[in-house]
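Close look at the chain arrangement
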There are 4 protein chains.
Amino acid sequence: MNTFGHIFRVSLSGESHGKAIGVTIDGCPPGIPVQPDDFLPDLSRRRSGKKGTTPRREEDLPDILSGIYNGHTTGSPITIISFNKDVDSGSYQQFASVPRPGHADFTSRIKYSGFADPRGGGHFSGRITWGLVVAGVIAKKILKDSKVIATLIEAGGSKDIERAVEEAMNAGDSIGGLIECRVENPPAGLGEPFFYSAESAISQILFSIPAVKGVEFGAGFKAASMKGSEHNDPFTDSTGKTLTNNAGGINGGITNGNEILLRVAVKPTSSIGKEQKTFNFSAGKMTTLKVEGRHDACIALRVPVIVEAAVAVALADLLLLDRGIFSRKD
Amino acid sequence: MNTFGHIFRVSLSGESHGKAIGVTIDGCPPGIPVQPDDFLPDLSRRRSGKKGTTPRREEDLPDILSGIYNGHTTGSPITIISFNKDVDSGSYQQFASVPRPGHADFTSRIKYSGFADPRGGGHFSGRITWGLVVAGVIAKKILKDSKVIATLIEAGGSKDIERAVEEAMNAGDSIGGLIECRVENPPAGLGEPFFYSAESAISQILFSIPAVKGVEFGAGFKAASMKGSEHNDPFTDSTGKTLTNNAGGINGGITNGNEILLRVAVKPTSSIGKEQKTFNFSAGKMTTLKVEGRHDACIALRVPVIVEAAVAVALADLLLLDRGIFSRKD
Amino acid sequence: MNTFGHIFRVSLSGESHGKAIGVTIDGCPPGIPVQPDDFLPDLSRRRSGKKGTTPRREEDLPDILSGIYNGHTTGSPITIISFNKDVDSGSYQQFASVPRPGHADFTSRIKYSGFADPRGGGHFSGRITWGLVVAGVIAKKILKDSKVIATLIEAGGSKDIERAVEEAMNAGDSIGGLIECRVENPPAGLGEPFFYSAESAISQILFSIPAVKGVEFGAGFKAASMKGSEHNDPFTDSTGKTLTNNAGGINGGITNGNEILLRVAVKPTSSIGKEQKTFNFSAGKMTTLKVEGRHDACIALRVPVIVEAAVAVALADLLLLDRGIFSRKD
Amino acid sequence: MNTFGHIFRVSLSGESHGKAIGVTIDGCPPGIPVQPDDFLPDLSRRRSGKKGTTPRREEDLPDILSGIYNGHTTGSPITIISFNKDVDSGSYQQFASVPRPGHADFTSRIKYSGFADPRGGGHFSGRITWGLVVAGVIAKKILKDSKVIATLIEAGGSKDIERAVEEAMNAGDSIGGLIECRVENPPAGLGEPFFYSAESAISQILFSIPAVKGVEFGAGFKAASMKGSEHNDPFTDSTGKTLTNNAGGINGGITNGNEILLRVAVKPTSSIGKEQKTFNFSAGKMTTLKVEGRHDACIALRVPVIVEAAVAVALADLLLLDRGIFSRKD
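Described in the following lines is the structure provided in the data block. (Residues numbered from 1 in each chain as written. Chains lettered and ligands numbered in written order. Predicted model: local features only at pLDDT ≥ 70, side-chain atom pairs only at ≥ 80, totals over all residues. Heavy atoms only, no water.)

1. Things to note about the packing of aromatic side chains
Evaluated as defined, the whole model comprises 38 aromatic pairs over all chains. Measuring from ring centre to ring centre gives 6.2 Å for Y112 of chain B and F124 of chain B, while their planes differ by 50°; the resulting arrangement is tilted. With a gap of 12 residues between them, Y112 of chain B in the loop between α2 (105-111) and α3 (130-142) and F124 of chain B in the loop between α2 and α3 connect regions that are remote in the sequence. For the pair shown, Y112 of chain B and F124 of chain B are each scored as buried. Joined through ring pairs, the aromatic side chains of F4 and Y196 of chain A together with F194 and F195 of chain B make up one cluster. A cation over an aromatic ring shows up here: R100 of chain A above the ring of F95 of chain A, its NZ or CZ 4.2 Å from the ring centre. (Phe/Tyr/Trp six-rings, centres within 6.5 Å; stacked < 30°, edge-to-face > 60°. Helix = DSSP H or I, 4+ residues; strand = E, 2+ residues; numbered from the N terminus. Buried < 20%, exposed > 50% of the residue type's maximum accessible area, 1.4 Å probe, protein only. Lys NZ or Arg CZ within 6 Å of the ring centre and 35° of its normal.)

2. What about the environment of E199 of chain C?
Within the secondary structure, E199 of chain C sits in helix α5 (residues 198-206). For the pair E199 of chain C and Q93 of chain C, spaced 106 residues apart in sequence, the C-alpha to C-alpha distance is 39 Å. When residues no more than four places from it in sequence are discounted, the contact partners of E199 of chain C are F217, I250 and G253 of chain C together with F207, V212 and K213 of chain D. (Contact = heavy atoms within 4.5 Å.)

3. As for the relation of the copies chain A and chain B
With an RMSD of 0.0 Å, the fit of chain A onto chain B corresponds to turning through 180° and sliding 0.0 Å along the axis. Classification of the inter-copy transformation places it as that of a two-fold axis. Among all residues of chain A, the one whose C-alpha sits closest to the rotation axis is Q204 of chain A, at a distance of 2.5 Å. The overlap is high: 99% of the interface residues of chain A also sit at the interface in chain B, so the same surface is used on both sides. (Least-squares fit on C-alpha atoms with pLDDT ≥ 70 in both.)

4. Details of the sheet that holds strand β1 (residues 3-4) of chain B
Residue and element names in this part refer to chain B. On the basis of which strands lie adjacent, the open sheet formed by five strands has the order β1-β2-β3-β7-β4 and antiparallel pairing. Each end of this open sheet is capped by a strand with a single partner; those strands are β1 and β4 (63-66). Strand direction decides the pairing type here: strand β2 (residues 9-14) and strand β3 (residues 20-26), joined by six bridges, are antiparallel. Each bridged residue has a counterpart across the sheet, and for L12 the counterpart in β3 is V23. In the packing of α3 onto the sheet, the strands contacted are β2, β3 and β7 (78-83), and the crossing angle to β3 comes to about 35°. (Pairing = 2+ DSSP bridges. Axes fitted to C-alpha atoms, helices over the stretch in contact; angles between N-to-C directions.)

5. Side note on the interface of chain A and chain B
Every contact between the two is made by 106 residues of chain A and, on the other side, 105 residues of chain B. Taking both sides of the interface into account, the surface hidden between chain A and chain B amounts to around 7800 Å²; carbon and sulfur atoms contribute 66%. Area buried by chain A at its contact with chain B is led by F194, F195 and K213 of chain A, which between them contribute 13% of it. Of the charged contacts, one joins E192 of chain A and K111 of chain B as a salt bridge, the two residues approaching to 3.2 Å between their closest N and O atoms. No other element matches the six residues that strand β10 (residues 212-217) of chain A contributes to the side of chain A that touches chain B. Residue composition of the side of chain A that touches chain B, by class: 47 nonpolar, 43 polar and 16 charged. Direction of pairing for β10 of chain A relative to strand β10 (residues 212-217) of chain B: antiparallel, over a ladder of three bridges. Residue G214 of chain A lies in a different strand from β10 of chain B, and its bridge partner there is E216 of chain B. (Buried area = accessible area lost by both parts, 1.4 Å probe. Salt bridge = Lys/Arg side-chain N within 4 Å of Asp/Glu carboxyl O. Nonpolar A, V, L, I, M, F, W, Y, C, P; charged D, E, K, R; others polar.)

6. Thoughts on the pairing of β7 of chain B
Residues and elements named next belong to chain B. With five of six residues buried, β7 lies mostly within the body of the structure. Of the pairings in the sheet, the one linking β3 to β7 comprises six bridges and is antiparallel in character. The partner of V23 across the bridge, within β7, is I80.

7. A few points about unusual backbone geometry
What is expected of a backbone is that most residues other than glycine have negative phi and most peptide bonds are trans. Of note, the phi angle at S113 of chain B is positive, near 55°, even though the residue is not glycine. Of note, S113 of chain B is situated in the loop between α2 and α3. Given a relative accessible area of 34%, S113 of chain B falls into the partly exposed group. Notably, K144 of chain C is not glycine yet its phi reads approximately 50°, a positive angle. Among the structural elements, K144 of chain C can be located in the loop between α3 (130-142) and β8 (147-155). Overall, the relative accessible area of 44% leaves K144 of chain C in the partly exposed class.

8. Describing helix α4 (residues 161-170) of chain D
All names here are of chain D. Restricting attention to buried positions, one finds in α4 the residues I161, A164, V165 and A168. Buried residues in α4, looked at end-on, bunch into an arc of 100°, giving them a common side. In α4, the exposed positions angled more than 90 degrees off the buried face are occupied by E162, R163 and N170. G172 sits one or two positions beyond α4 and adopts a positive phi of about 65°. (Arc of directions from axis to C-beta.)

9. Focus on the relation of the copies chain D and chain A
For the pair chain D and chain A, the best superposition has an RMSD of 0.0 Å and corresponds to a rotation of 180° with a translation of 0.0 Å parallel to the axis. Most of the interface of chain D is mirrored in chain A, where 100% of its interface residues again form contacts.

10. Describing the interface of chain D and chain A
Listed as interface residues are 38 residues of chain D and, on the opposing side, 38 residues of chain A. Its largest share of buried area at the contact with chain A, chain D owes to L65, Y69 and F115 of chain D, together 21% of the area lost on that side. Remark: the boundary between chain D and chain A carries two salt bridges. Where D63 of chain D meets K19 of chain A, a salt bridge forms, and the shortest distance between an N and an O atom there is 2.5 Å. If you look at where chain D meets chain A, you find 12 residue pairs in polar contact (both at pLDDT 80 or more). Looking at the side of chain D that touches chain A, the elements with two or more residues in it are β2 (9-14), β3 (20-26), β4 (63-66), β6 (72-73) and β7 (78-83) of chain D. Its residues placed into classes, the side of chain D that touches chain A shows 15 nonpolar, 16 polar and seven charged. (Polar contact = N/O pair within 3.5 Å; in protein donor to acceptor, adjacent residues only side chain to side chain.)

As structure tokens, this is what we get:
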């Protein structure tokens, strides 16, 4: 079920240390101008290299195999891949018997009966989100004047993010982070009532980003302790503009044209340099584990552009779906 | 897109004050014992009548039209409906020009160009979740020994829920609530890596419940301020049991066999007796609105059984999907 | 998988002798004018009563439960049912041990492990196509100026259909038939290249009509023995009009705006009054069987309106899908 | 909508003269042994080179990017591509204004507003079926002891196929063909009643193969002129074996365990050396066209292995779907 969307359909494939990772986008309208360079800014935001991110270097350049011709989408499926080059798989063999806490080592082994590619986390690696960022670049073009902007607003509970990351690195530890995403000037009317509401679609895709453990819209969890008289957003003009935005721009699962506002909780990177307890499945007893290798002290640093991509893909699909259903109305 | 699921597929239909509401379940295995009375306990938990819930009374009895024969599911689509009887639509006409803050009055009008049934919130009414609860009863049977239990743990920010509700009622106001859901003894190995991870599937269906504005798993939003050394759950035995459960029973999007733990934020009921400001779209100016009629002071009181149903439906679909993919492995 | 379509989604449910049969249509645009009487002409064409069709009488009146309000579709799911009234289930018990040749008695028993409702063929009855005809009425409205017309052009190999039917009845036998369907003035550009080409979508839904065993487009099977110079349809003007129509109005899986032309082979009714050999699964030996009860001597007499409905539903979905994908192009 | 299947999901991408063509298979069970060489026999059957097929030579070697590790499927998406090497796009520019009769030149231009890649037929080229053959190789492994065998039984109406092809080549013309496909020892119980019956699923995928214009099961179109007493297949033993096989191994849309039997009509190649009339859209008047370049005189020669792949993919999906639904029955 590696596909998201009903019209603008995005599928991801690849393993962290396999031959290549990739994305296929089906149902993209023809005629959207796309140049290879268009992908670079977002891919560079996603890539490692900043303080607190893994020293692994991938050029990550997109190789467009199909669906784009003469600088425009053609309407047929777009497949874009990136060959994996900087691969160091040596250190991953041990995790079959000593699964790393917090990782998919254990669950992927039981789910796939030992056949999953364990190298670098295989298909469960954050590296697979490369294709989501690629799809996000095209989705943002479909959204035209709507602007999707995600920012890391807290790391390890602190707003001084740089310092929090440095402390975690020094301690051989990792920290989580809180990301806020705003969609300025969103189309109104997006979202289908049950099971594919704007919140359903957006949360479905956000929770497929590794390390995401919470999603909230508008006032979110704070709404649970609010009164209706506080939470209700009064309309103030005939375009549906509201005085407050506790609903995060969504009423009844449908966008109301106000800014879409959501927050995403990212857990701390599971791989840490610090010694941890865990179970040795071969030996049948508890053991200690220190995860060597290249890791992000704060994976949340790289997640904002992925959140943007996810939100853009969900909105692009909702938009095309809404316009499709409505096309024969008049 | 009023269908959830890939194998165990649930579709809802109906409007609050229409002729009937209903649910169709496609892809349900044959041979599951089902009696009409099996639906009553959960439907009665969902029904109004408690203090703080609307005085509207519906018998809500399920009318099984197809898919169940001789006390067992047949394998063909199950359709179950309930005729609406206690309908009072008089007070809803005004909301076309004066949309209620927090409701779908405005968004459904722009989305459906004025053709949506406005009576009682139409298809956006919480009443439509009746069918989800019906589907949940069957999903719980598919999950067999796994037990899904949701509880309201806070209302209006207080753990003294009864008192909080009473205060809201006295003030003509409403309050939100926080629901915790645990799945005891869940199957391990459920969840597909991208776009249909356990968290993706569960959040997609939870966010289609009206009034839900936040979903988190395990430590959830707290994880954003935790360290890896705190958040990682050490394995303690060969079944994958973990010492802590900050992951909420899900690693890499796949259930690890530990209790699934999640929380859901429910916003306060939008309809309140208190006077509110909003915009009069006919008059083109701000106005005040007092929503008369029958409402819940704390809709969250009725949501736990709906959360249970949603989680059970998502897990049943993930289970059948997992077993389907795996069936030819050996 | 009892749903057809990607945007205009049609689901059927019910059993022949169950409480009710029904259809749910999801993704229907709002604002389409629909009155209960609109369904009657097509339902009456489908109903039995003509010479050569079963004497079973069902009023078959549609009971609109949701999705239509004030004489228009609302945009939310449309559920329409019909209660079964004239039910005589006495004669069906025997077919568990002596399955009728040509029927689903045997296959449904092994597929559903004996839990399928056997009465009247259960969910495998032609009666379930009632809901497809209902959906077809709405689909035809979406197609606006395109006209879908299906006709029985041969029965039992003869063009004198009335006589062929009478001979079959007198012999206690049944006959098959050939149906031709034309879509006048179809939209051009419908069909997605792989897996949901115009031919793929139309054949998928046609082959779900019980008794259909062959589908061909344009010259169809004759094309297998033609030359390219004969089969190619020369374009004759700037609208894409072609001189001949061997392609049946579809090139590369996409409608070219010329008349869509297809033929459907309907097998003879499996239930016949004549004595047949078959296997008695209880006794473990061959036996003879004479199927009593109410049957159609030529089920193909009732199929044209179902073919029309199927083709209309497929085209409506392709149309909304096409317009959805294209909506953001300009 | 470039994806086929509900569990075993196959997506095709690529253009004839683009950078690469490819296939992604999602939902494949883990642990299926796959070596790169396993693909060669079927790919070689599909490849050109025989008399009557285009002289274009592609190595067509499969490049496995993901989903296969240590000689087994991993359970994550399998992506396999092939770079296009022997590309000669010179002669395709003219078809924008003078669309070739029988081709998708006209329909793809109107559908995609001129943005489709026209070179070599772009995404509408038979070349895209390469990925389907690749998927078929894996699907056949899932079907285990079931054997799918397709054969060209007639070309241009003649059983002396070699001679018919030679005559067509000499005349600068092309011919169609008739393909028969048998599935020996198929699983019983496959097929979902409405909309995804065995016939629906198989025909949907078969009609996405370019040039297929007709599909029939068992007696097929002949059934339209048969009597019930002739067409009904009497059961002869407790395994459901039947005396005749007019049903083609499918009753009520569900496989009955007898050989699955179907026939596919393939139209003659649209590109012919002979001069044809058609319309010049730039000049606004009729013109003549002679299609130079590399073509198959009888494309049907290459189609049997594609039919096998299509049928195998459909059956694999039906099998996994059936087993998934049934997994919790006992």
